[in-house]
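Examining the three-dimensional arrangement
The primary structure of each chain is shown beneath.
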Amino acid sequence: MRTLMRTVVACGCLAAGHLVASAAEWDAEELEQIVRNSADTYVKCFHERDAKGIAGLFTESAEYVDGTGFVFHGRDVIQAELEANFEQRAKGTLTIELTSIRPIADNIVVEEGISEFRPENDGPVSVTRYHVTHVKQADGKWKIASVRELESALPSAHERLKELAWIVGRWR
C-alpha cells in the first residue's frame, strides 16, 4: 500500500512539474503576437462596424461582461449586442493599449489592457480597463473565451470641460 501511495504521489509531482514547465515554455514574443493580432483584428472590425467579424474572434460559448456587470453569453448573443451597439452609437475611433500578457495554464493566456473610444462627433471619450482570456482551440487557433470590462476611467479635466465650450468667446 505504501509503495502504491509513493508511486501515486511521485506521478502527481511529475505531472504538476510538467504543467508548470510547459506553461513556462511559451515564447513571450509569440504570445504577444497572438494577442496583438487578435486586438488588431478587433479594432479593424470595430472600425468597419463588422459585428460578425468581431464575433468570429470568440469561442462558441464565450462570455462578455460589460462595465455594468451585465453578462452576454455565447458568440451569437455577443454578435447581436455588437450589432445593436453599432446601430445606436456614433462612429468613432477605438484604440487598444495592451498592458499585460501572461500565460496562466497550457493553452490559456490572459490579456489586460485599456481601450479608448473617441466618437467622431466630438462626444465624450470612453476609457475602459479590461481583461480577456484567450484559449487555444483543438485546431490550433486562438479564440477569446471571456472579456470582462472593468470600471471606466474618469474622464480628463479637458474632457469634462468640453461641455462648456459654448461659453468660450469675447465677453464685454
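Presented here is an overview of the structure given in this document. Because the structure is predicted, anything quoted here is derived from the model rather than measured.

Cut-off values and rules
Residues numbered from 1 in each chain as written. Predicted model: local features only at pLDDT ≥ 70, side-chain atom pairs only at ≥ 80, totals over all residues. Heavy atoms only, no water. Pairing = 2+ DSSP bridges. Helix = DSSP H or I, 4+ residues; strand = E, 2+ residues; numbered from the N terminus. Buried < 20%, exposed > 50% of the residue type's maximum accessible area, 1.4 Å probe, protein only. Polar contact = N/O pair within 3.5 Å; in protein donor to acceptor, adjacent residues only side chain to side chain. Contact = heavy atoms within 4.5 Å. Salt bridge = Lys/Arg side-chain N within 4 Å of Asp/Glu carboxyl O. Expected span 1.5 Å × (residues − 1). Arc of directions from axis to C-beta.

1. Some remarks on the pairing of strand β1 (residues 58-65)
- In the sheet, β1 pairs with strand β2 (residues 71-73) via three bridges, with the strands oriented antiparallel. Bridging across to β2, valine 65 finds its partner in valine 71.
- Between β1 and β2, which follow one another and run antiparallel, lie five residues, and glycine 69 among them has a positive phi close to 95°.

2. Topic: the side chain of threonine 59
- Here threonine 59 is to be found in strand β1.
- Looking at threonine 59, the relative accessible area reads 10%, which means it is buried.
- Here alanine 62 takes part through its backbone nitrogen, which lies 3.2 Å from a polar atom of the side chain of threonine 59.
- In this structure, threonine 59 is in contact with Arg75, Gln137, Lys143, Ile144 and Ala145, ignoring residues within four places of it in sequence.

3. Looking at the pattern of salt bridges
- Inspection of every chain in the model, using the stated rule, returns five salt bridges.
- Across the salt bridge formed by glutamate 32 and arginine 36, the nearest N and O atoms sit 2.9 Å from each other. Placement of the pair is glutamate 32 and arginine 36 together in helix α2 (residues 28-47), with a separation of four residues, close to one helical turn.
- With a shortest N-O distance of 3.0 Å, glutamate 60 and arginine 75 are connected by a salt bridge. One end of the pair, glutamate 60, is in strand β1; the other, arginine 75, is in helix α4 (residues 75-88), with 15 residues separating them in the sequence.

4. Describing α4
- The end-to-end C-alpha distance of α4, which contains 14 residues, comes to 20 Å, matching closely the 20 Å that a straight helix rising 1.5 Å per residue would cover.
- The set of residues buried in α4 consists of Ile78, Gln79, Leu82 and Phe86. One side of α4 holds all its buried residues, which, seen down the axis, span an arc of 100°. Residues of α4 that are exposed and point more than 90 degrees away from the buried face comprise Asp76, Glu87 and Gln88.
- Residues of α4 that are buried sit in contact with α2, α3 (51-55), β1 and β2.

5. Description of unusual backbone geometry
- Of note, arginine 49 is a non-glycine position whose phi angle comes to about 55°, a positive value.
- With respect to the secondary-structure elements, arginine 49 resides in the loop between α2 and α3.
- With relative accessibility at 25%, the residue arginine 49 sits in the partly exposed group.
- For asparagine 107, which is not glycine, the phi dihedral falls at a positive 65°.
- Tracing the chain through its elements places asparagine 107 in the loop between β3 (92-105) and β4 (108-119).
- On the accessibility criterion, asparagine 107 (30% relative accessible area) is partly exposed.

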